[in-house]
Amino acid sequence: MKRLFALLATFATVLGLTAAFGPQAVAAAGCKVEYTVASQWQGGFQAGVKVTNLGDPVTGWTLRFAMPDAGQRVTQGWNATWSQSGSAVTAVAVDWNRTLATGAAADLGFSGSLTGANPKPTAFTLNGVACTGSTGGPTPDPDPGTPLEANGSLHVCGVNLCNQHDRPVQLRGMSTHGIQWFGACYGAASLDALADDWKADLLRIAMYVQEDGYETDPAGFTSRVNGLVDMAEARGMYALIDFHTLTPGDPNFNLDRAKTFFASVAARNAQKKNVIYEIANEPNGVSWPAIKSYAEQVIPVIRAADPDAVVIVGTRGWSSLGVSDGSNENEVVGSPVNATNIMYAFHFYAASHKDAYRTTLGRAASRLPLFVTEFGTVSATGGGALDVASTTAWLDLLDQLKISYANWTYSDAPESSAAFRPGTCGGGDYSSSGVLTESGALLKNRISTPDSFPTS
Ligand code: IDC
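Residues numbered from 1 in each chain as written. Predicted model: local features only at pLDDT ≥ 70, side-chain atom pairs only at ≥ 80, totals over all residues. Heavy atoms only, no water.

**Q** Honestly, the overall build of the protein in this entry has me stumped. Any pointers?
**A** Check the secondary structure of the protein and you find 12 helices and 21 strands. Relative to the globule expectation of 23 Å for 456 residues, the C-alpha radius of gyration of the protein, 24 Å, shows essentially globular dimensions. Its C-alpha atoms give the protein principal-axis dimensions of roughly 90 × 55 × 45 Å. By the burial criterion, 54% of the 456 residues in the protein qualify as buried. Within the protein, contacts between residues at least 6 apart in sequence are counted, and of these 75% link residues at least 24 apart. (Helix = DSSP H or I, 4+ residues; strand = E, 2+ residues; numbered from the N terminus. Rg over C-alpha atoms; globule rule 2.2 N^0.38 Å. Buried < 20%, exposed > 50% of the residue type's maximum accessible area, 1.4 Å probe, protein only. Contact = heavy atoms within 4.5 Å.)

Below, the structure is given as structure tokens:
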């Protein structure tokens, strides 16, 4: 036997195949699965499946597991292609998550039907290997401080947003509604709730330019925005200053106003670590070259006063990277804004924008730094039914790609995208569950989970 081995080894060396017989030949494999039931109701449930690759990087993967009984069925799944035969469930990677580096995770989920109790599935395997692993590592600092303390000054690193330790981070937070209409929603109590109960990292300050916004009182709106920047900072949150252009859709219509506004807020806030600038909410009915030209005139104004802050540029088709106009990210990749430390905005409304948009985002995320500065759980009108499955698919994808987001809206507007029930901002209670809408409850659940920002 020994002889045979020696012979084989010699043979291998001669053929230059030592590695094929050495320990390196055995690809390291292993995985960990975290299965969570997010919600359950009569006859159904929704579950999340986070699978972490603990072995060598894989390109293309299949996750299998066994439902405890065949009456428990996947009815709709996301972030993978799902199938079920008897009790055996299969989830195959989709384009945007087929590559899993060592330690990387894919977040999948599904809605299921249920006949009896809801015991956990068993026998999880990734590419045929049992998922028995644990990721180990140091336990996170029990008191990492506020998001602002943990991350400090932000900058763009490759396609990511990075913190003071030069490590990628994802900020999760909420957008105000138009501050000209819902000012009453942004006082000390509501921002305390956002920081303390929601544990949000980010407040987006939506300053409309038209519709009774900035153009009617530039000094007044500039000072309101600055006040909100300070309130966010005092609570350890980042502030995203959104120059909320919408109608007309060509940001150049507001070029002079943008220059005046950003020169002022950038000078006033240059020393702060918590400010991010979003220079045009949703360009629409306008070409990418026109948006790029606007950006290349506004960004230098910001840089002159505040050289190192992150700036976010809206994209074509209501910040859809052009998808809503039949285009895609190629126009930006092929002709990027001539500036550094910038990101591009991507917006979606979960009930209106689904797989085609997710596919574009997944592909674009490895080519462009992206920030979801606004999204809704409902239709693009801001109303209609909450789409839980699509919202969950989106948020799982954003978590996986470490893309920051702000949800429309932290307000009590009489529309289903609002987080609070109408009338909430007239009272002082932003904390009890009774004041939340369905959308608010879902978002608060997602945003309040621990951040575990990298600390070194
Ligand atoms: C909507 C508001 C609604 C308001 C309307 C026009 O929810 O109350 O009447 O704007 O100002 C966007 C925009 C955002 C929209 C939102 C929902 O950025 O201003 O808010 N939406 O329609 N893009 C896609 C959807």
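Anyway, onward from the coordinates.
**Q** Any chance you could explain the sheet that holds strand E15 (residues 202–208) here in plain terms?
**A** The strands that make up a sheet pair up through hydrogen bonds in the backbone, lying either parallel or antiparallel. Spatial ordering of the closed barrel is given by E14-E15-E16-E17-E18-E19-E20-E21, a layout of eight strands whose pairing is parallel. The average angle at which neighbouring strand axes cross in this sheet is 25°, direction not considered. Here strand E17 (residues 275–278) runs beside strand E18 (residues 311–313); their pairing, made up of two bridges, is parallel. Among the inter-strand pairings, glutamate 278 is bridged to a residue of E18, identified as isoleucine 312. (Pairing = 2+ DSSP bridges. Axes fitted to C-alpha atoms, helices over the stretch in contact; angles between N-to-C directions.)

**Q** When you look at the site of the ligand in this model, what are you seeing that I'm missing?
**A** In the vicinity of the ligand lie 15 residues, with Tyr208, His244, Glu282, Ala380 and Glu415 positioned nearest. One of the backbone N or O atoms of alanine 380 is found 2.8 Å from an oxygen atom in the ligand. At 2.6 Å, a side-chain N or O of glutamate 415 approaches an oxygen atom of the ligand. Notes on the ligand: free accessible area 500 Å², of which the protein chains cover 78%. Each residue belonging to the shell around the ligand can be placed in one class, and the counts come to six nonpolar, five polar and four charged. (Near = heavy atom within 4 Å. Polar contact = N/O pair within 3.5 Å; in protein donor to acceptor, adjacent residues only side chain to side chain. Areas by Shrake-Rupley, 256 points an atom, 1.4 Å probe, with all protein chains shown as cover. Nonpolar A, V, L, I, M, F, W, Y, C, P; charged D, E, K, R; others polar.)

**Q** Would you mind going over the state of the cysteines with me for this structure?
**A** Disulfide: a covalent bond formed between the sulfur atoms of two cysteine residues. Throughout the structure, instances matching the rule amount to three disulfides. Here cysteine 31 engages in a disulfide with cysteine 131; their sulfurs sit 2.1 Å apart. In this structure, the disulfide formed by cysteine 31 and cysteine 131 twists by about -95° around the S-S bond and is classed as left-handed. In this pair, cysteine 31 sits in strand E1 (residues 31–41) while cysteine 131 sits in the loop between strand E11 (129–130) and helix H3 (147–151), placing the two residues 100 residues apart along the sequence. Here the two residues cysteine 31 and cysteine 131 agree in accessibility, since each one is buried. Covalent S-S linkage joins cysteine 185 and cysteine 425, the inter-sulfur distance amounting to 2.1 Å. (Disulfide = S-S within 2.5 Å.)

**Q** I'm lost on the pairing of strand E7 (residues 88–92) in this one. Help?
**A** Taken together, the five bridges between strand E4 (residues 62–66) and E7 define a ladder with antiparallel strand orientation. Counterpart to leucine 63 in the pairing with E7 is alanine 91. In this structure, strand E6 (residues 81–85) lies alongside E7, joined through five bridges in antiparallel fashion. Note that in E7 the partner of threonine 81 across the bridge is valine 92. Between E6 and the antiparallel strand that follows it, E7, lie two residues; glycine 86 among them carries a positive phi value of about 60°.

**Q** Help me understand the pairing of strand E9 (residues 105–113), please; the structure alone is not making it clear to me.
**A** Each regular strand displays side chains that alternate between the two surfaces of the sheet. Burial of E9 is extensive: eight of the nine residues sit out of reach of the surface. Judged from the five bridges that link them, strand E5 (residues 73–78) and E9 form a sheet pairing that is antiparallel. What sits directly across from tryptophan 78, in E9, is glycine 109.

**Q** Honestly, the environment of threonine 359 in this entry has me stumped. Any pointers?
**A** Along the chain, threonine 359 falls in helix H10 (residues 355–364). Residue threonine 359 is classed as partly exposed on the basis of its relative accessible area, which comes to 28%. Here the alpha-carbon distance between threonine 359 and phenylalanine 65, two residues 294 residues apart in the chain, equals 25 Å.

**Q** Hey, could you run me through the packing of H10 against helix H11 (residues 388–401) in this one?
**A** When two helices pack together, their arrangement is given by the angle between the helix axes and the distance between those axes. One way to put it is that H10 packs onto H11 with a least axis distance of 11 Å and a crossing angle of 0°. Considered as vectors, H10 and H11 are oriented roughly parallel to each other. Within the contact between the two elements, H10 uses Tyr357, Arg358, Leu361 and Gly362 and H11 uses Ser390, Ala393, Trp394, Leu397, Leu398 and Leu401. A breakdown of the residues in the contact of H10 with H11 according to their chemical character gives seven nonpolar, two polar and one charged. (Parallel < 35°, antiparallel > 145°, perpendicular 65-115°, else oblique.)

**Q** In this structure, what is going on with helix H6 (residues 255–269)? I would like to understand it.
**A** Within an α-helix, residues lying three or four positions from one another point in the same direction, as the helix has 3.6 residues per turn. Between the first and last C-alpha of H6 there are 21 Å, a value that for 15 residues agrees with the 21 Å anticipated at 1.5 Å per step. Among all positions of H6, only Leu255, Ala258, Phe261, Phe262, Val265, Ala266 and Asn269 are buried. In an axial view of H6, the angular spread of the buried residues amounts to 125°, which keeps them on one side of the axis. Facing away from the buried surface of H6 by more than 90 degrees, the exposed residues are Asp256 and Ala267. For H6, the secondary structure elements touched by its buried residues are E15, helix H5 (218–234), strand E16 (238–244), E17 and helix H7 (288–305). (Expected span 1.5 Å × (residues − 1). Arc of directions from axis to C-beta.)

**Q** In this structure, what is going on with the sheet that holds strand E2 (residues 44–53)? I would like to understand it.
**A** Pairing is antiparallel across the open sheet formed by four strands, whose spatial order is E1-E2-E9-E5. Edge positions in the sheet fall to E1 and E5, since each of these pairs with one other strand and no more. The average undirected angle you get between the axes of adjacent strands in this sheet is 25°. Contacts between H11 and the sheet are confined to E2, E5 and E9, with E9 contributing the most and set at about 165° to the helix.

**Q** Would you take a moment to explain the nonpolar core for this structure?
**A** Where a protein is soluble and globular, its nonpolar side chains tend to be buried together. Counting 83 residues, the largest nonpolar core has Trp198, Phe262, Tyr277, Ile279 and Val313 as the members making the most contacts within it. Here this core gets eight residues from one element, more than from any other, and that element is H7. For tryptophan 198, the contacting residues outside a window of four places in its chain are Met174, Ala193, Tyr410, Ala419, Phe420, Leu436, Gly440, Leu443, Lys444, Ile447 and Ser448. In this structure, Ala47, Leu100, Phe124 and Leu126 belong to the second largest nonpolar core, which totals 26 residues. (Core = buried A, V, L, I, M, F, W, Y, C linked by side-chain atoms within 4.5 Å.)

**Q** Please explain the packing of aromatic side chains as it appears in this structure.
**A** The geometry of an aromatic ring pair is captured by the separation of the ring centres together with the interplanar angle, meaning the angle of the planes. Tallied over the full model, the rule gives 22 aromatic pairs. Ring geometry for phenylalanine 348 and tryptophan 394: centres 3.8 Å apart, planes at 10°, overall stacked. Of this pair, phenylalanine 348 sits in strand E19 (residues 342–349) while tryptophan 394 sits in helix H11, and the two are 46 residues apart along the sequence. For tryptophan 394, a relative accessible area of 0% translates into the label buried. (Phe/Tyr/Trp six-rings, centres within 6.5 Å; stacked < 30°, edge-to-face > 60°.)

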